[in-house]
Amino acid sequence: MGITLALLFGFFANGEKYAYPEQRILAAGVESIQISGVRGQIKLKGNSTKSFRLRVKHSKGKKYDDWSLAVDRRGNTLYFEVSSVAYGAQWRKLVKQDLWPEFDVEISGPPVATVVSWREGDLEYIDWTAPVESSHIKGNLKVKGGIGKYTLQTGEGDVSVEKLAGNLTIKGESGRVTIEQLTGPLKLSWVSGAVSLANVTGGGQLDLNDNELKISECQGQWTVKMEGGKAKIDRCSGKLTAQGVSTQWELRATHDLETEIKSESGAVSVQWRSGGAKVFLTSERGEIGGPKVQTKLDAEGRKVAEFKVGEKPFGQVFVRTQSGPIVFKQ
């Protein structure tokens, strides 16, 4: 038997928005949550209680009096949906965007699989130890202390992920991306803005455009594709396969990392920090240099440098460019 709570009455003014009295909804039997709306802040906070606590604020003003957040349970799913008494289910098609209301929604309780479909505003998932599928167009996105598969899609805004255990997929356009202490594989597709990864275990695939990328103290198998920008990679272990066009690559590595970098016009700088390495450097038109690095021409006229540094166990460094210069330092 479903329940419907229309949060239309009993609200009071709070700053620039109206705030509803706190609602509590029993969590027994609820296996998933779906949230849909357009503008405002969404916050999910996980805990071990037996009910969901719901706090809602929404835009103040006479033109927003007919708007509400409808809470409806159908089967094992709990729905939270912005609705209009005046326009019904077709309100998005009938109401101009500049008249759409803004809702701030905070839900705390036992984490369950959650789908969020939003438009503008900050989204926050704190200690939500269940899968999340989230999409919105504009606003910041924060994840901290989660467990499970997180699939996040956004347009414009900063993304911050900290202490997440599980698969993480992020797709977006512009803004800063910061990921720290991720246990599990990462798949990131991002167009512009700084990207910083630290203490990521499980490897990943990065598909970037013109970004500033920093990767430090990460493990696993990594595939990185970048059109331009700059990439700094430091203190990583596992395997790195990187490909760029005008990207400037800066690598600091030890024998724990097997590296293959292919670049067109972008420069590649390798600083070998410790341990042994088998080194293979090739460029069609770029210069190859560095202390004690000697080059020769192969049968096709390309500059080639092949040598070993240090003692076993050996890591591997393979770098190939078309016109970009290569520098190797110990």
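Higher on the page you've got the structure.
Rules and cut-offs
Residues numbered from 1 in each chain as written. Predicted model: local features only at pLDDT ≥ 70, side-chain atom pairs only at ≥ 80, totals over all residues. Heavy atoms only, no water. Pairing = 2+ DSSP bridges. Helix = DSSP H or I, 4+ residues; strand = E, 2+ residues; numbered from the N terminus. Salt bridge = Lys/Arg side-chain N within 4 Å of Asp/Glu carboxyl O. Buried < 20%, exposed > 50% of the residue type's maximum accessible area, 1.4 Å probe, protein only. Contact = heavy atoms within 4.5 Å. Phe/Tyr/Trp six-rings, centres within 6.5 Å; stacked < 30°, edge-to-face > 60°. Lys NZ or Arg CZ within 6 Å of the ring centre and 35° of its normal.

Asker: Mind showing me how you'd approach the pairing of strand β29 (residues 303-309) here?
Answerer: Along any regular strand, the residues point their side chains to alternate faces of the sheet. Alignment of strand β26 (residues 276-283) against β29, held across seven bridges, turns out to be antiparallel. In the sheet register, Lys278 faces β29, and the bridge partner there is Lys308. Where strand β28 (residues 296-297) lies against β29, two bridges are found, and the strand directions are antiparallel. Bridge assignment links Lys296 to a residue of β29, and that residue is Val304. Connecting the antiparallel pair β28 and β29 is a turn made up of five residues, with Gly301 showing a positive phi of about 85°.

Asker: Sorry if this is basic, but what is going on with the pattern of salt bridges here?
Answerer: Any two side chains of opposite charge can pair, so long as their charged atoms come close to each other. One pass over the structure, following the stated rule, counts 13 salt bridges. For Glu22, the salt bridge goes to Arg53, with nearest N and O atoms at 3.9 Å. Placement of the pair is Glu22 in the loop between β3 (17-19) and β4 (23-26) and Arg53 in strand β7 (residues 51-59), with a sequence separation of 31 residues. Residue classification places Glu22 among the partly exposed residues on the basis of a relative accessible area of 34%. Note on Arg53: relative accessible area 23%, which makes it partly exposed. In this structure, Asp234 engages Arg235 in a salt bridge whose closest nitrogen and oxygen atoms are separated by 3.1 Å.

Asker: How do you make sense of the pairing of strand β16 (residues 159-165) when you look at a structure like this?
Answerer: By the bridge criterion, four bridges tie strand β14 (residues 141-144) to β16 in an arrangement that is parallel. Residue pairing for β16: Lys142 is matched across the bridge by Ser160. Here β16 pairs with strand β18 (residues 177-183) via six bridges, running parallel. Across the sheet, Ser160 pairs through a bridge with Thr178, a residue of β18.

Asker: Is there a simple way to explain the environment of Gly315 in this structure?
Answerer: Mapped onto the elements of the fold, Gly315 is located in strand β30 (residues 314-321). Sequence separation between Gly315 and Lys278 is 37 residues; the distance between their C-alpha atoms is 6.2 Å. Sequence-distant contacts of Gly315, that is, excluding residues within four places in its chain, are made with His255, Leu257, Gly276, Ala277 and Lys278.

Asker: Explain the packing of aromatic side chains to me, please; I cannot follow it from the model alone.
Answerer: Note on aromatic pairs: each is described by the distance of the centres and the angle between the planes. Inspection of every chain in the model, using the stated rule, returns two aromatic pairs. Relative to Phe328, the ring of Phe307 lies with its centre 5.4 Å away and its plane at 80°, an arrangement referred to as edge-to-face. Of this pair, Phe307 sits in strand β29 while Phe328 sits in strand β31 (residues 326-329); the two residues are 21 residues apart in sequence, bridging distant segments of the chain. We note that Phe307, like Phe328, is buried. Here the guanidinium or amino end of Arg74 rests over the ring plane of Tyr79, the centre of that ring lying 3.7 Å away.

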